[in-house]
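Breakdown of the fold
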Amino acid sequence: MSQPIISVKDLHIWYNDFHAIKGISIDYLPNTINAIIGPSGCGKSTFVRTLNRIHEEVPGARAQGSIMYMGKNILSSEVDPVDLRRQIGMVFQKPNPFPSMSIFENTVIGLKLQGEKNKSKLMEVAETCLKKAALWDEVKDKLNKPGTSLSGGQQQRLCIARSLAVNPPVLLMDEPTSALDPIATGKIEELMTELKKEYTVIIVTHNMQQAARIADYTSFFILGELIEHGLSSDIFTNPKQKTTEDYITGRFG
Amino acid sequence: MENVVNHSSNTKPTPSSSPSGGPKGGFFSLKNQDKLHLTAIKSLAVFVIGLLITLLILLLKQAWPAVTEFGVEFITSDWWNPVEDQFGGLSFIVGTVLTSIIAIIIAAPVSIGVALLMTEVLPERAGKTIGLFVEMIAAIPSIVFGLWGLFYLAPFVRETLTPIIKSTLGFIPFFNGPSFGIGVLTASLILAIMIIPTITSLCREVFRSVPTLQREAALGLGSTRWEMIRLAVIKPSFSGIMGGIVLGLGRALGETMAVAMVIGNQPEIPKSIFSSAATMASVIANEYAEADSDLHVSALCLVGILLFGVTLIANAIARLIVWNYNRKQQG
């Protein structure tokens, strides 16, 4: 068995006095898709947002425990969150391309931030990433149109391409398809299974069928606690915990 | 059974619940209410437009003697001599535009900076406190600004600011010359302080309206805080920032009392940033009471119309900039 790429140990997260995550430990293996499921307010998003420290943007949020990535605890003050976020990318719940930028600019903005100025190199990356995000054929003739002129599903794929451009080994996705219709969702799921050849994907989802379809591993959270973590095939066919079974079969309050 | 009862009660022609509008011909029936609203709103709108047109016509009537007497020369000549009944308003146009532009150059970066500080850097409560203070500046009457400018800012400009500017930018003739404290620079500084609250409040609202999602998108890509502000906050806010600047500019162009007190009121095109000058608004305020000849009064009215025109042109230019920018954004 290969070494975990991210190893979370005894993670606690608070928002001021509210204890949102209560001691969660999970190992994530490279080149896998890992789903996190659970009822609303169970801390799924909080958890995944802590993995690239974007949780720090919420006033009053603090984390305790360890998240080991590349031999370092990313929660320690030595790790620069800016540098970390270039390695652990994130796709958000709602598509959020920058409205003032074209499709092309949106795709390569991450690279530009890192100082890449070479036009042909940027163009090359844009093409590769848009192809990886299965968007190239739809936008190749209108790269200079604003990113917001695309449909919701296309915008979300543009956001995925934007995250891929900085080539992060890990990609976090916070309910990436919850704002999309089934066809767009299907495209993005297809895309994720393609992406896991090169990346490790951690995805929060409300849709259990989605987790069952695409994820290698699934974790089930309730009220900030990890109830069960294991192979998706086990979780969805033969859960060890009664609560998990209740939840996936829809009997959960 | 219950359904039947409900149904019959619904068909009762009560004015509030029946879609047909109650008893026919009722003045306040639903249908008529809409019409009344519409008529009321329409007439108010027409009233406001009518007010503007009437005002302009009356001003123009008053200014007509000056128009026929001087024609285009009124805006190309800077010879303003009430004793000889010779009037040319160029120096006032220059004074107004110059002081306002310098004020904007000073106020815009400060305001944008303060607005960013309030929304992006400081915790919410600290930002709100600062916002309160900034808004208090807007509540100070302009005559108080004038007094303060005359007694404190003018000496400060003469003794402290002038040597600094002369030693750094003095090689440019426009930044060199005799300084008495009152003049273009002092007026511009006062204007800048007066319009900072306007621009700051507007920018703050614009920055606040940027969705958190945009900020997180930038941070998620590994941008520093400053890069995030530039990408996700300032860039999409361009039209809003321009809107704030235009509002500030409008206020600066029309500001009268404070400027009249510190600009020196000399009807000449200023030779340097330290020279005394006059603006369109300040000359009207200073001279309308002492205007003896009809032509003098008429000339002052024409200056008023010109001020209106300059403000309109400034607004049009700003709109053009925003429009052009948006068009570029659309590709």
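Every value quoted in this text rests on a predicted model; they were computed, and no experiment measured them. (Residues numbered from 1 in each chain as written. Chains lettered and ligands numbered in written order. Predicted model: local features only at pLDDT ≥ 70, side-chain atom pairs only at ≥ 80, totals over all residues. Heavy atoms only, no water.)

1. Looking at the environment of T148 of chain A
Residues and elements named next belong to chain A. On the secondary structure map, T148 appears in the loop between α5 (136-139) and α6 (152-164). Relative accessible area serves as the criterion here: at 38%, T148 is assigned to the partly exposed category. Along the primary structure T148 and S2 are separated by 146 residues, whereas in three dimensions their C-alpha atoms are 41 Å apart. (Helix = DSSP H or I, 4+ residues; strand = E, 2+ residues; numbered from the N terminus. Buried < 20%, exposed > 50% of the residue type's maximum accessible area, 1.4 Å probe, protein only.)

2. Some remarks on the pairing of strand β6 (residues 88-91) of chain A
Residue and element names in this part refer to chain A. What you see with β6 is no split at all: I88 and M90 on one side and G89 and V91 on the other are buried throughout. Of the strand pairs in this sheet, β6 and strand β7 (residues 170-174) are connected by 4 bridges, and their pairing is parallel. Bridged to I88 within β7 is V170. (Pairing = 2+ DSSP bridges.)

3. Structural notes on the packing of helix α4 (residues 90-121) of chain B against helix α12 (residues 280-287) of chain B
Residue and element names in this part refer to chain B. Across the interface, α4 lies against α12 with an axial gap of 7 Å and an inter-helix angle of 125 degrees. One element, α4, and the other, α12, form an angle in the oblique class. On the side of α4, the interface is formed by F92, I93 and T96, while α12 contributes M280, A281 and V283. (Axes fitted to C-alpha atoms, helices over the stretch in contact; angles between N-to-C directions. Parallel < 35°, antiparallel > 145°, perpendicular 65-115°, else oblique. Contact = heavy atoms within 4.5 Å.)

4. Brief notes about the sheet that holds strand β5 (residues 72-73) of chain A
Residue and element names in this part refer to chain A. Read across the open sheet, the 4 strands follow the order β2-β1-β4-β5; overall the sheet is antiparallel. Strands at the two margins of the open sheet, each flanked by one partner only, are β2 (18-28) and β5. Sheet topology note: the strand β1 (residues 6-15)/strand β4 (residues 61-69) ladder contains 8 bridges and is antiparallel. Bridged to I13 within β4 is A63.

5. A short note on the nonpolar core
Residues I6, F47, L51 and I202 of chain A together with W80 and F207 of chain B are the most contacted members of the largest nonpolar core, which totals 105 residues. The element best represented in this core is helix α7 (residues 184-208) of chain B, accounting for 14 residues. Dropping the residues within four chain positions of it, F47 of chain A is found in contact with V8, L11, I13, I21, I24, I26, Y28, I36 and F221 of chain A. Core analysis: the next-biggest nonpolar cluster, separate from the first, contains 43 residues, V139, A165, M173 and A211 of chain A among them. (Core = buried A, V, L, I, M, F, W, Y, C linked by side-chain atoms within 4.5 Å.)

6. What to know about the environment of H206 of chain A
All names here are of chain A. Among the secondary structure elements, H206 is positioned in the loop between β8 (200-204) and α8 (208-214). Those residues in contact with H206 that sit more than four places away from it in its chain are G38, P39, S40, K44 and E175. For H206, the side chain forms a polar contact with the side chain of S40, separated by 3.5 Å. (Polar contact = N/O pair within 3.5 Å; in protein donor to acceptor, adjacent residues only side chain to side chain.)

7. Section: the domain arrangement of chain B
Quite often, the size of an interface is put as the accessible area lost when its parts meet. All names here are of chain B. Each assigned domain of chain B is listed with its residue range as follows: domain 1 (1-65) and domain 2 (73-329). Of note, the centres of domain 1 and domain 2, computed from C-alpha atoms alone, are 42 Å apart. Contacts between the two partners involve 8 residues from domain 1, matched on the other side by 6 residues from domain 2. Summing the contributions of domain 1 and of domain 2, the shared interface buries around 620 Å²; its carbon and sulfur component is 84%. Here domain 1 and domain 2 share 0 salt bridges between them. At the junction of domain 1 with domain 2, the criterion picks out 2 residue pairs in polar contact (both at pLDDT 80 or more). Per-class residue counts for the side of domain 1 that touches domain 2 are 7 nonpolar, 1 polar and no charged. (Domains from an automatic or database assignment. Buried area = accessible area lost by both parts, 1.4 Å probe. Salt bridge = Lys/Arg side-chain N within 4 Å of Asp/Glu carboxyl O. Nonpolar A, V, L, I, M, F, W, Y, C, P; charged D, E, K, R; others polar.)

8. Structural notes on a nonpolar patch on the surface
Residue and element names in this part refer to chain B. There is a patch of nonpolar side chains on the surface, built from I49, L52, I53, I57, F308 and L312 and spanning about 560 Å² of accessible area. Those elements that provide at least two residues to the nonpolar patch are α2 (30-70) and α13 (294-329). For the nonpolar patch, the element with the highest residue contribution is α2, accounting for 4 residues. Residue classification places I53 among the partly exposed positions, given a relative accessible area of 45%. (Patch = residues over 30% accessible without salt bridge, like charges linked within 9 Å, V, L, I, M, F, W, Y side chains within 5 Å. Areas by Shrake-Rupley, 256 points an atom, 1.4 Å probe, with all protein chains shown as cover.)

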